[in-house]
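Listed here are the chains, written in short residue letters.
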Amino acid sequence: MSVEFIGMIGARDSEGGGQGPAVDPGFTRMFARVHEEAGFDRVLIGHSSSSPDGGQVAAYVAAHTERLGLLLAHRPGTVAPTMAARTFATLDAFSSGRLAVHVISGGHDAEQRRDGDYTGKEDRYARTDEFLDVVKRAWTEEEGFGHAGRFYRFDDFRSEVRAVQHPHAPLYFGGSSPAAYRVGGRHADVFALWGEPLAETAEQIAAVHAGARAAGRTVMPRISVSFRPVLGATEDEAWERAFGILDGLRRKGTAGGFFDRSRPPLPLGPSVRPENAGSQRLLAVAERGERHDRALWTAPAAVTGAAGNSTALVGTPETVARALLDYVDIGVTTFLLRGYQPVRDAQEFGRTLLPLVRQEVERREREARVRG
């Protein structure tokens, strides 16, 4: 299976502290087209309690691009699953089958409460499990149905709208806790992880697959890993740029970009232990050392308290491509890549990094077909 590349866009420019209006149509249109021209398969449209509505951003992006896929982040708890299912199916229809949904159960209690959600973490995963059961039924069942569960109850639901894709739009799922492996293993088409060393990533893949097998699945979820590549024409140039980025992060105190805008006045920085398992894992890796494997660099996670996906791959395009292929070798099929200079980096990834990885994956696939 060919490798998939996902970028990430926001509705305004995040460089320079994200000044200006929260919704900048011109920038959003340009940023989406940069990713399309660079050859990304999809772009993630994130979710937070303070950000613009992701569904409307996705619809705007779909209207101003031709083939770029949409990965819409959605946090269960504030919208009924029946309404969410119709919203997703409508967007999939208007975008000619380009939608995928990234389900996030939520990793910070204070952030959840900003939208009126006081459900605890374990219960959030139980709610997500029930939410996805209902959404998938709403997408696929022709006849009306009712539901009486722990979190949702309704009678005689019927939907006239169906997703263009069959049986439904792909489901992505994020998390690094046992509950996430269990629920995501049951439902996800693609399970998303943050960028850890190869050994730890392999352990997480095994946990996801165990969750899938426990749910009776015979086809395992595909695996996505997220990184923030820092490229240079030479190794020295890449590391010089990386240390410059690190200095900027120390001054700002965040990893920069979409996720961090939702955090203040939440505590930030390396002295605060995050609630979500993914960030805890990144900090544990960073405590063991800044550099791992071929090109993984964890210093940004240590400096920012692992606020969002914050580990980097540093080097020339060839070095970083080989590092990504190391992850392909352990079963990764998808990479979410966003740079610290988002527009410039997306363009650079499209010119150098993405083609190198795709060419090698295609070469391997050709050889596998010849071997029969």
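Notes on the structure in this doc start here. (Residues numbered from 1 in each chain as written. Predicted model: local features only at pLDDT ≥ 70, side-chain atom pairs only at ≥ 80, totals over all residues. Heavy atoms only, no water.)

**Some remarks on the overall build of the protein chain**
The condition is simple: Working definition: helices are DSSP H or I runs of at least four residues, strands are E runs of at least two. Numbering for both runs from the N terminus. For the radius of gyration, the atom set is restricted to C-alpha positions; the globular benchmark scales as 2.2 Å times the number of residues to the power 0.38. Accessible area is worked out with a 1.4 Å probe on protein chains only. A residue is then buried under 20% of its type maximum, exposed over 50%, and partly exposed in between. In these tables, accessible area is a Shrake-Rupley quantity obtained with a 1.4 Å probe, and a residue counts as shielded only by the protein chains included in the view. We treat Lys and Arg as the positive residues and Asp and Glu as the negative residues; His and chain ends play no part in the count. By convention, the point assigned to a charge is CZ for Arg, NZ for Lys, CD for Glu and CG for Asp.
Broken down by element type, the protein chain carries 12 helices and 14 strands. Against the 2.2 N^0.38 benchmark of 21 Å for 372 residues, the protein chain shows a C-alpha radius of gyration of 20 Å, consistent with a compact globule. Referenced to the eigenvectors of the C-alpha coordinate spread, the extents of the protein chain come out at roughly 65 × 55 × 40 Å. Looking at the 372 residues of the protein chain, the share that counts as buried comes to 56%. About 15900 Å² of surface is accessible on the protein chain, with carbon and sulfur atoms providing 50% of the total. Charge centroids of the protein chain, computed over 46 positive and 48 negative side chains, lie 1 Å from each other.

**Structural notes on the pattern of salt bridges**
Put simply, the rule is: The salt bridge criterion pairs a side-chain nitrogen of Lys or Arg with a carboxyl oxygen of Asp or Glu, the two atoms within 4 Å.
Going through the model one piece at a time under the given rule, you end up with 20 salt bridges. Between Asp129 and Arg186 there is a salt bridge, with the nearest N and O atoms lying 2.6 Å from each other. Here Arg186 lies in helix H6 (residues 178–187) and Asp129 lies in helix H5 (residues 121–140), a separation of 57 residues in the sequence. The exposure class of Asp129 is partly exposed, given its relative accessible area of 22%. In this structure Arg186 comes out as partly exposed when scored by relative accessible area, which is 35%. Note that Arg351 is salt-bridged to Glu348, the shortest N-O span being 2.8 Å. Taken together, the residues Arg351 and Glu348, both in helix H12 (residues 342–371) and three residues apart, mark about one turn of the helix. The exposed category is assigned to Arg351, whose relative accessible area is 56%.

**Overview of the sheet that holds strand E1 (residues 4–9)**
Cut-off, in case you're wondering: Between any two strands, pairing holds if DSSP finds at least two bridges. Axis definition: a line fitted to C-alpha atoms, limited for helices to the stretch in contact. Angles are taken between N-to-C directions and run from 0 to 180 degrees.
Judged by pairing direction, the barrel is parallel, and its eight strands sit side by side in the order E1-E2-E3-E4-E7-E8-E9-E14 before closing back on the first. The mean inter-strand angle of the sheet, taken between neighbouring strand axes irrespective of direction, is 25°.

**Brief notes about the packing of H6 against helix H7 (residues 198–214)**
Rules: By definition in this entry, angles of less than 35 degrees are roughly parallel, angles greater than 145 are roughly antiparallel, angles of 65 to 115 are roughly perpendicular, and the rest are oblique. Should the near helix be turned counterclockwise from the far one by less than a right angle, the crossing is left-handed, whereas a clockwise turn marks it as right-handed. Every residue pair with non-hydrogen atoms within 4.5 Å of one another is taken to be in contact. Under the grouping applied here, Gly and all other residues not named as nonpolar or charged are polar, the nonpolar ones being Ala, Val, Leu, Ile, Met, Phe, Trp, Tyr, Cys and Pro and the charged ones Asp, Glu, Lys and Arg.
It is at 7 Å that the axes of H6 and H7 come closest, and there the two elements cross at 60°. As far as their axial angle goes, H7 and H6 are oblique. In this structure, H6 meets H7 at a crossing whose hand is right-handed. Here Tyr181, Arg182, Gly185 and Arg186 of H6 come into contact with H7, specifically with Gln204, Ala207, Val208, Gly211 and Ala212. Its residues assigned to classes, the contact of H6 with H7 shows four nonpolar, three polar and two charged.

Any functional reading would require information that these geometric values do not contain.
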